[in-house]
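One letter stands for each residue in the lines below.
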2 protein chains.
Amino acid sequence: MDQPSGEFDLIARYFTRPARGAVLGVGDDCALLAPGAGMQLAVAADMLVEGRHFFAGTDPQALGHKALAVNLSDLAAMGAQPWAFLLALALPDADASWLAAFSAGMFALADAHGIELVGGDTTRGPRNLCITVLGQLPAGQALRRDAARAGDQLWVSGTPGDARLALGQLRGEWRIAGFDAALRARLERPTPRVALGLALRGVAHAAIDVSDGLLGDLGHLLRASGVGAEVDVDAIPASAPLAAQPSARRRDCQLAGGDDYELLFTAPADARDAVLRAADAAATPVACIGRIDAAPGLRLRDAAGAALHDTYASFDHFRRP
Amino acid sequence: MDQPSGEFDLIARYFTRPARGAVLGVGDDCALLAPGAGMQLAVAADMLVEGRHFFAGTDPQALGHKALAVNLSDLAAMGAQPWAFLLALALPDADASWLAAFSAGMFALADAHGIELVGGDTTRGPRNLCITVLGQLPAGQALRRDAARAGDQLWVSGTPGDARLALGQLRGEWRIAGFDAALRARLERPTPRVALGLALRGVAHAAIDVSDGLLGDLGHLLRASGVGAEVDVDAIPASAPLAAQPSARRRDCQLAGGDDYELLFTAPADARDAVLRAADAAATPVACIGRIDAAPGLRLRDAAGAALHDTYASFDHFRRP
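Residues numbered from 1 in each chain as written. Chains lettered and ligands numbered in written order. Predicted model: local features only at pLDDT ≥ 70, side-chain atom pairs only at ≥ 80, totals over all residues. Heavy atoms only, no water.

Draft legend 1. Expanded view of unusual backbone geometry. Residue and element names in this part refer to chain B. The backbone phi angle of Asp-259 is positive, close to 70°, even though this residue is not glycine. Among the secondary structure elements, Asp-259 is positioned in the loop between helix 9 (247-256) and strand 9 (263-267). A relative accessible area of 21% means that Asp-259 is categorised as partly exposed. A positive phi angle, close to 55°, is found at Ala-283, a residue other than glycine. Residue placement: Ala-283 occurs in the loop between helix 10 (272-281) and strand 10 (286-293). With a relative accessible area of 68%, Ala-283 lands in the exposed category. (Helix = DSSP H or I, 4+ residues; strand = E, 2+ residues; numbered from the N terminus. Buried < 20%, exposed > 50% of the residue type's maximum accessible area, 1.4 Å probe, protein only.)

Draft legend 2. How the structure looks around the relation of the copies chain B and chain A. Once chain B is rotated about the relating axis by 180° and shifted along it by 0.0 Å, it coincides with chain A to within an RMSD of 0.0 Å. The superposition operator between the copies reduces to a two-fold rotation axis. A shared interface surface links the copies, since 100% of the contact residues of chain B are contact residues in chain A too. (Least-squares fit on C-alpha atoms with pLDDT ≥ 70 in both. Contact = heavy atoms within 4.5 Å.)

Draft legend 3. The arrangement of helix 9 of chain B in detail. Listed in full, the buried residues belonging to helix 9 of chain B are B:Arg250, B:Arg251, B:Cys253, B:Gln254, B:Leu255 and B:Ala256. Looking at the buried side of helix 9 of chain B, the elements it contacts are helix 4 (162-171), helix 7 (214-225), helix 8 (240-243), strand 11 (297-301) and strand 12 (307-308) of chain B.

Draft legend 4. Geometry of the interface of chain B and chain A. If you look at the interface, chain B gives 55 residues, while chain A gives 55 residues. Summed over both partners, the interface of chain B with chain A comes to about 4300 Å²; 62% of that surface belongs to carbon and sulfur atoms. On inspection of chain B and its partner chain A, the count reaches 4 salt bridges. Measuring nitrogen to oxygen at the nearest pair gives 3.2 Å for the salt bridge that ties B:Asp29 to A:Arg145. Sorting the residues of the side of chain B that touches chain A by element identifies strand 1 (31-33), strand 2 (39-49), helix 2 (60-76), strand 3 (81-91), strand 4 (116-124), strand 5 (128-138) and strand 7 (207-209) of chain B as the ones contributing at least two each. It is strand 2 of chain B that provides the largest number of residues to the side of chain B that touches chain A, a total of 10 residues. Broken down by class, the residue content of the side of chain B that touches chain A amounts to 33 nonpolar, 10 polar and 12 charged. Relative to strand 1 of chain B, strand 2 (residues 39-49) of chain A runs antiparallel, the two sharing 3 bridges. Looking across to strand 1 of chain B, one finds that A:Ala42 is bridged to B:Leu32. (Buried area = accessible area lost by both parts, 1.4 Å probe. Salt bridge = Lys/Arg side-chain N within 4 Å of Asp/Glu carboxyl O. Nonpolar A, V, L, I, M, F, W, Y, C, P; charged D, E, K, R; others polar. Pairing = 2+ DSSP bridges.)

Following this line, the structure appears as structure tokens:
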């Protein structure tokens, strides 16, 4: 594959497509976008650094997917409709096959969500991917993390812990039976829960995506809302490979493992049926894993109702009262 | 100065201030912003990499200023009103004094433009600053780079070339008389020409900011607009230190030097007085340095009207017809 001749050739070859929704896309000093009448803008940025967020040598197509997926997950956690994104990219070299695979992975996910790349930057440097996403939502309908209320039920989508289980296998921390492409994809090609976030508008109170670990992210939500929670740790759904682990490892992956990009959300108890209908409409499994209390702090119980006092890694960030 | 205890402490200490214009600022999955009725959104991202865009050991306060300034310059070149920004930051360590100075430099410029930090990301890694800016402007009023027309006059703000002159001094390429803090600031603390961009709405046709070098950036504008230009190279205003250089070095700095963040723009000849009034209102000097022709390509002339045939570094990116 012939190599790009310079920055502008690189942008033209791999990152420029005709503008669709945008008034003006890639190629000017700024992109121009026309928000819908009465719509609010949701905006977030995530940076992925080689050696920190992904291994050197990671499949570039998977990386293109993941770099955009982690940003779409922030929109999902707000209940926003994805709209457009910008990519700032530092690369050690302009390698044509890497760029072709990376952009293919990124655009495949972008197309699946009907959004377009409208701008960004390309520069030489240690590999670093910074994506900014823009979404829209009707004013007042965002799923904010400060909106949990005592009495709410606590829900999670999917099977959190899979990404951590796959990471441990790839790092050589453990060797598990049944490690396959599907489990690896949970780490390398996470599914942003955009459809669920949209379906939960007007149903859920608060939401956050699980990026740093379930308990750590729950801690952010509880502190922002000024409430506490009780979590039934055995109610957290486990995938088959996770269910097959020793319970200490399973719980550690489920409670403290990051990179899942599942949605953790609260909804009033009387909205239980509406939550299940939203999950069904979004074709995304959800489970009720606890409840929100007025008393600050986080209480963990097993299926027998016994209190757990283990400390989980990401839980350290959460100060007990 | 005591060091931040972790990512969230770092964000709270140096990068969280109460939301002002934003519906929701730093601290949730996304920031929420409410665009004005009938307004379009202008958005751009720039990434600065240590060792490439700035020296290791650069004054962090100046760096905080510059990281935001280069982004504001993109809004200026579009004629957009700055609104908000996001910062994604990779740092080798969480050094309190570096962070305090960096954030002070960044927020001083943000405050001068009445804009606020609404989100971003913080991670460990080789030092890398990625800022995304958002601006607003009335629909249809953007100063696009594809809007130059044959017969337009070509204008530039300020004294381009100063940043390259200062860079050469700091790199040891030359030692110049009169190197002082003011000249160094032209490289390290560029002034985004936001007020000029706003004043030129409805007056200028096309605009671009000079980041890669005057001729290189002019080339982008000409190609986008499908026109050519004649530039009177001796009409480009020079600062006192630049005017004191041998003419070959002066021209090289003026025509090929990057990092100036001046505005290069075109306006109809009969808008000459309106351009001068806009510059006056924005307290920003401007000079007419040439004209736009229907014939593609770029023709350089000196004060005597003689054609110049030198090739300037950034000019290589521009394909002659």
